[in-house]
Amino acid sequence: MASSSSSLPSMEFDFDEKPHVLAVDDSFIDRKVIERLLINSTCRVTTAENGKRALEYLGLADGQHPNHSDLKVNMIITDYSMPGMTGYELLKRIKESPTMKEIPVVVVSSENIPTRINQCMEGGAQEFLLKPLQLSDATKLRCHLKKLHNPLQGGFAGEDEHA
Amino acid sequence: MEVVQMQRAWVEYTKSLFREFSYSFFGWMKGFLDAQFQQLQLLQDESNPDFVAEVVSLFFEDSERLLSDLTFALEQQSIDFKKVDAHVHQLKGSSSSIGAQRVKNDCIAFRSFCEEQNIEGCQRCLQQVKQDYCLVKSKLEALIRLEQQIVAAGGSIPVEELSF
């Protein structure tokens, strides 16, 4: 495997390839706010109103045959409390998928419950943020955006550590 | 009115909404709006000048629906407190997201009464939240109108003057 210098992994994306974020939240208002926050951080945003829709988008719903050749998602941000499927359950489904498990998942919640936070972090979440989201959270979110596997380089860009 | 005067008026009016105190069922109440409202203003720029107005308008629609659902739920012979709590939780979330602090705080109190299954407490909370919602709605409408006038006159919203 080719290894260049020990400099930090590049977080630069192709000029015309903005990072793509899937934002999942049952609140219309919160979807609007997170969308604006991410677009202002030069991301492309797709929103989903619940876990089921999110899984369908990712090709992970029951009965779907995953076809990921053209799906590019650099990060998933999901609310915890949603009807039907919680953000934690969605996180688990994503992390169980051989094709999607590498996508960083950030969980957000209006409630600051330590057991909930631990559960999500242990479930593989990259970070747990409290709602309502603020401008300062955009910086944290950008740190988690993952550069996709580049076949020319033969490997993933390194993952950032999370606190 | 000149742009500068309108901007001045906007700053003063917005600050007053953060500051206002009054006495209610729950004791001394904080301002109508909190810092989250400023966050929304900061997300708005020339490329999306209607963002705040859109989000506020969504909040009005959402809230009116929830208040109507809450009224209905509390009128039932046998009250489903889980449902009531679910509606209040949603209202708490959306008011928190736009910075409608007083409505949010009313919802927090409301949820305690739901947990206790205290019918009278819930009824009083509903009245209080309706009252505070009406007040914040008229104030936000006035604020948005003023913002639109400023922008129409070629000025910008002086968000940076709201110091926290």
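These numbers come from a predicted model, not from an experiment. (Residues numbered from 1 in each chain as written. Chains lettered and ligands numbered in written order. Predicted model: local features only at pLDDT ≥ 70, side-chain atom pairs only at ≥ 80, totals over all residues. Heavy atoms only, no water.)

A. Representation of the overall build of chain B within the structure. Counting its regular elements, chain B contains six helices and two strands. Reading chain B from its N end, one meets helices and strands in the order α-β-β-α-α-α-α-α. Long-range pairs, those at least 24 residues apart, make up 70% of the contacts in chain B with a sequence separation of at least 6. As displayed, chain B offers around 8200 Å² of accessible surface, 51% of which is attributable to carbon and sulfur atoms. Taken as two groups, the 16 positive and 24 negative side-chain charges of chain B have centres that lie 6 Å from each other. (Helix = DSSP H or I, 4+ residues; strand = E, 2+ residues; numbered from the N terminus. Contact = heavy atoms within 4.5 Å. Areas by Shrake-Rupley, 256 points an atom, 1.4 Å probe, with all protein chains shown as cover. Lys, Arg positive; Asp, Glu negative; His and termini not counted. Charge placed at Lys NZ, Arg CZ, Asp CG, Glu CD.)

B. Here's a closer look at empty space enclosed by the protein. Residue and element names in this part refer to chain A. A full pass over the atoms with the stated rule returns two cavities of 30 Å³ or more. The computed volume of the largest cavity comes to approximately 130 Å³. What lines the largest cavity is a set of 14 residues, and nearest its centre among them are Asp25, Asp30, Ile34, Lys131 and Leu133. Here the lining of the largest cavity is built from residues that sort into eight nonpolar, two polar and four charged. (1 Å grid on protein atoms, 1.4 Å probe; cavity = no way out; pocket = protein on both sides within 12 Å on 5 of 7 lines; lining within 4 Å. Points joined across faces, edges and corners; volume = space filled by probe spheres on them. Nonpolar A, V, L, I, M, F, W, Y, C, P; charged D, E, K, R; others polar.)

C. Up close: the interface of chain A and chain B. If you look at the interface, chain A gives 15 residues, while chain B gives 19 residues. Buried area between chain A and chain B, both sides added, is near 1500 Å², and the carbon and sulfur share of it is 62%. When the area that chain A buries against chain B is broken down by residue, the three leading residues are Ile29(A), Lys32(A) and Arg36(A), summing to 37%. There are two salt bridges connecting chain A and chain B. Measuring nitrogen to oxygen at the nearest pair gives 3.7 Å for the salt bridge that ties Arg111(B) to Glu111(A). Run the count over chain A and chain B and you get six residue pairs in polar contact (both at pLDDT 80 or more). Top element by residues in the side of chain A that touches chain B is helix H1 (residues 28–40) of chain A. It accounts for eight residues. For the side of chain A that touches chain B, the class distribution of residues is seven nonpolar, four polar and four charged. (Buried area = accessible area lost by both parts, 1.4 Å probe. Salt bridge = Lys/Arg side-chain N within 4 Å of Asp/Glu carboxyl O. Polar contact = N/O pair within 3.5 Å; in protein donor to acceptor, adjacent residues only side chain to side chain.)

D. Structural detail: the sheet that holds strand E5 (residues 127–130) of chain A. Residues and elements named next belong to chain A. With parallel pairing, five strands are arranged side by side in an open sheet as E2-E1-E3-E4-E5. The strands lining the two open edges of the sheet, one partner per strand, are strand E2 (44–48) and E5. Along the sheet, successive strands turn relative to each other by an average axial angle of 20°, direction set aside. Across four bridges, the pairing between strand E4 (residues 105–109) and E5 is parallel. Residue pairing across strands places Val107 opposite Phe128, the latter belonging to E5. Running over the sheet, helix H5 (residues 135–144) touches strand E3 (75–79), E4 and E5 and is turned about 165° from E5. (Pairing = 2+ DSSP bridges. Axes fitted to C-alpha atoms, helices over the stretch in contact; angles between N-to-C directions.)

E. Highlighting the UniProt feature "domain: HPt" (unreviewed entry) in chain B. Mapped onto the present numbering, the UniProt feature "domain: HPt" (unreviewed entry) falls on residues 48–153 of chain B. End C-alpha atoms of residues 48–153 of chain B are separated by 17 Å, and the span's content is 88% helix alongside 0% strand. (UniProt positions renumbered as here; feature names shortened; annotations may be inferred.)

F. The packing of aromatic side chains, seen in detail. Residues and elements named next belong to chain B. Within the structure shown, the criterion is met by three aromatic pairs over all chains. Ring centres of Phe59 and Tyr133 lie 6.0 Å apart, and the angle between their planes is 65°; on these two criteria the pair is classed as edge-to-face. Here Tyr133 lies in helix H6 (residues 119–152) and Phe59 lies in helix H3 (residues 51–75), a separation of 74 residues in the sequence. On the numbers, 6.3 Å between centres and 80° between planes, the contact of Phe60 with Tyr133 is edge-to-face. A residue pair is termed long-range when its members are at least 10 positions apart, and Phe60 in helix H3 and Tyr133 in helix H6 qualify at 73 residues. Relative accessible area serves as the criterion here: at 11%, Phe60 is assigned to the buried category. These aromatic residues form a ring-pair network of at least three members: Phe59, Phe60 and Tyr133. Over the aromatic face of Phe60 sits the side chain of Lys137, whose NZ or CZ is 5.4 Å from the ring centroid. (Phe/Tyr/Trp six-rings, centres within 6.5 Å; stacked < 30°, edge-to-face > 60°. Buried < 20%, exposed > 50% of the residue type's maximum accessible area, 1.4 Å probe, protein only. Lys NZ or Arg CZ within 6 Å of the ring centre and 35° of its normal.)

G. A look at the side chain of Thr46(A). In this fold, Thr46(A) is placed in strand E2. Among the polar contacts made by the side chain of Thr46(A), one reaches the side chain of His20(A) at a distance of 2.6 Å.

H. Broad picture of the nonpolar core. Counting 66 residues, the largest nonpolar core has Leu38(A), Ile77(A), Leu141(A), Val84(B) and Phe110(B) as the members making the most contacts within it. Among the elements that line this core, the one with the most residues is H3(B), at twelve residues. Not counting residues up to four positions away in its chain, the partners in contact with Phe110(B) are Leu70(B), Leu74(B), Val84(B), Val88(B), Cys122(B), Cys125(B) and Leu126(B). If you look at the next biggest cluster of nonpolar residues, it comprises 24 residues, including Val24(A), Leu58(A), Ile103(A) and Cys120(A). (Core = buried A, V, L, I, M, F, W, Y, C linked by side-chain atoms within 4.5 Å.)

I. Main features of the side chain of Asp30(A). Counting through the fold element by element, Asp30(A) comes out in helix H1. Overall, Asp30(A) belongs to the buried group, its relative accessible area being 9%. Ignoring any residue separated from it by four or fewer positions in sequence, one finds Asp30(A) in contact with Asp25(A), Lys131(A) and Ser97(B).

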